[in-house]
Amino acid sequence: MNKIIVGNWKMSPNSVKETENLLKEISLISKKSKNIDIIACPPFPFLPFGKKITSFHIGAQNVSEEIDAANTGDVSTKMLKSLNISHVIVGHSERRKKGDTNSMINRKIAGILKEKMFPILCVGESVRDTNGEYLIFIKSQIHECLAQIPKAQIKNIIIAYEPIWAIGSQSQRVATTEEFVEIRIFIKKVLSDMYDIKTANSVPILYGGSVHPDNSKSFIDSGADGLLVGRDSLSAKKFGEIINSIKQHEINQRNREYYK
Ligand code: PGA
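Scope of this entry: the structure provided in the associated data block. Model, not experiment: these values are computed from the prediction. (Residues numbered from 1 in each chain as written. Predicted model: local features only at pLDDT ≥ 70, side-chain atom pairs only at ≥ 80, totals over all residues. Heavy atoms only, no water.)

## Some points on helix α5 (residues 133-145)
Part 1 of the argument: Its 13 residues give α5 an end-to-end C-alpha distance of 18 Å, which sits within 8% of 18 Å, the value for a rise of 1.5 Å per residue.
Part 2 of the argument: Packing partners of the buried residues in α5 comprise α3 (93-96), α4 (102-114), β5 (118-123), β6 (158-161) and α6 (177-194). (Helix = DSSP H or I, 4+ residues; strand = E, 2+ residues; numbered from the N terminus. Expected span 1.5 Å × (residues − 1). Contact = heavy atoms within 4.5 Å.)

Structure follows, in structure tokens:
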């Protein structure tokens, strides 16, 4: 499975010009990164600028849970599909803070899948307690967000583990690779109990939260199927360095195979 790198631009940049420049720079990077799935997620008004892009994917940062309704300010899955959007981030903690519940996210996922796009489901706790409450919290996020989603569709879902305490410039710290590995195994176990091992193994598990060029490779080395990058996805230089670190991981893997 190709490694996946998602750039979550959040509410940036502020202009069409900057958007066009950033997309152009990512295009150059992506042409040199054949076996990596790059997904850039600009804000809604700039999504049409991605329509001509073929060397990487354009994702959205949110979508309405309604299929067809009189909802001022909302954007539907059909609109995204008609713009060639391939992926949609759902359940990001910044949207959950604004009121998105697991049941709303569940409806969004069903709508995204119906339009044959890929949901990127974010899960993660706000605190790491010492008695494992965070595991119960993540388990219920997965159970409720994937409720009634047919087994055959699960392979089209990407899960990003984003501990809230590791996200953004105000974050306490980045997660350790050990913390990520624990959650990766835990998510696979939850999915395997809900469906089966084969289905659980078909779901890529990404890490997100203060990913930078100096720590990106360590997450990939410890088994992450990819990364969800916020701040550093707005700098083509840093985003490129993160992608290069994934390439370095692949080269090391190949060399290891060679010397076996
Ligand atoms: P960050 O954001 O990389 O700036 O911490 C990650 C995210 O919120 O998706």
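## Points about the nonpolar core
Part 1 of the argument: Formed by 62 residues in total, the largest nonpolar core has its most connected members in Ile109, Leu146 and Ile187.
Part 2 of the argument: Residues contacting isoleucine 187, with those up to four places away along its chain left out, are Val123, Ile138, Ile142, Ile159, Tyr161 and Ile205.
Part 3 of the argument: In terms of nonpolar packing, the next biggest core, distinct from the first, is built from 11 residues, Val6, Ile39, Cys122 and Ala160 among them. (Core = buried A, V, L, I, M, F, W, Y, C linked by side-chain atoms within 4.5 Å. Buried < 20%, exposed > 50% of the residue type's maximum accessible area, 1.4 Å probe, protein only.)

## Focus: the sheet that holds β6
In a beta sheet, neighbouring strands are held together by backbone hydrogen bonds and run either parallel or antiparallel to one another.
Part 1 of the argument: Read around the closed barrel, 8 strands run β1-β2-β3-β4-β5-β6-β7-β8, paired in parallel fashion. Put simply, the sheet's adjacent strands are angled 25° from each other on average, direction ignored. (Pairing = 2+ DSSP bridges. Axes fitted to C-alpha atoms, helices over the stretch in contact; angles between N-to-C directions.)

## Looking at the site of the ligand
Part 1 of the argument: Near the ligand there are 13 residues, and of these Lys10, His92, Gly168, Ser210 and Arg231 occur at the shortest range.
Part 2 of the argument: Contact between the ligand and serine 210: an oxygen atom at 2.8 Å from a main-chain N or O atom of the residue.
Part 3 of the argument: Backbone polar atom of glycine 230 to an oxygen atom of the ligand: 2.9 Å apart, as the coordinates give it.
Part 4 of the argument: Here the ligand loses 99% of its free accessible area of 280 Å² to cover by the protein chains.
Part 5 of the argument: Taken together, the residues of the shell around the ligand break down into 4 nonpolar, 6 polar and 3 charged. (Near = heavy atom within 4 Å. Polar contact = N/O pair within 3.5 Å; in protein donor to acceptor, adjacent residues only side chain to side chain. Areas by Shrake-Rupley, 256 points an atom, 1.4 Å probe, with all protein chains shown as cover. Nonpolar A, V, L, I, M, F, W, Y, C, P; charged D, E, K, R; others polar.)

## A look at the pattern of salt bridges
Part 1 of the argument: Across all of its chains, the model carries 13 salt bridges by this definition.
Part 2 of the argument: The salt bridge partner of arginine 173 is glutamate 179, with a shortest N-O separation of 2.7 Å.
Part 3 of the argument: With a relative accessible area of 36%, arginine 173 lands in the partly exposed category.
Part 4 of the argument: For glutamate 179, a relative accessible area of 13% puts it in the buried group.
Part 5 of the argument: Between glutamate 241 and lysine 237 there is a salt bridge, and its shortest N-O distance comes to 2.9 Å. Taken together, the positions of glutamate 241 and lysine 237, both in helix α9 (residues 236-258) and 4 residues apart, correspond to about one turn of that helix. (Salt bridge = Lys/Arg side-chain N within 4 Å of Asp/Glu carboxyl O.)

## Thoughts on unusual backbone geometry
Part 1 of the argument: Residue proline 13 is bonded to the preceding serine 12 through a cis peptide linkage, with omega at -10°.
Part 2 of the argument: Along the polypeptide, proline 13 turns up in the loop between β1 (3-8) and α1 (16-31).
Part 3 of the argument: Of note in the backbone geometry, lysine 10 takes a positive phi value of approximately 50° without being a glycine.
Part 4 of the argument: Judged by relative accessible area, lysine 10 falls into the partly exposed class, the value being 25%.
Part 5 of the argument: In this structure, glutamine 148 takes a positive phi of about 65° despite not being glycine.

## Considerations on α6
Part 1 of the argument: Counted at 1.5 Å a residue, the expected span for α6 with its 18 residues is 26 Å, and the 26 Å between its end C-alpha atoms agrees.
Part 2 of the argument: Every buried residue of α6 is accounted for by Glu179, Phe180, Ile183, Phe186, Ile187, Lys188, Val190, Leu191 and Ser192.
Part 3 of the argument: Looking at the buried side of α6, the elements it contacts are β5, α5, β6, α7 (197-201), β7 (205-208) and α8 (216-221).

## Some words on the side chain of threonine 199
Part 1 of the argument: Secondary-structure assignment places threonine 199 in helix α7.
Part 2 of the argument: Classification of threonine 199 by relative accessible area gives buried; the value is 9%.
Part 3 of the argument: A distance of 2.7 Å separates polar atoms of two side chains, one belonging to threonine 199 and the other to aspartate 196.
Part 4 of the argument: Setting aside anything within four residues of it in sequence, one finds threonine 199 in contact with Lys151 and Ile154.

Such coordinate-based values are descriptive only and should not be taken to indicate function.
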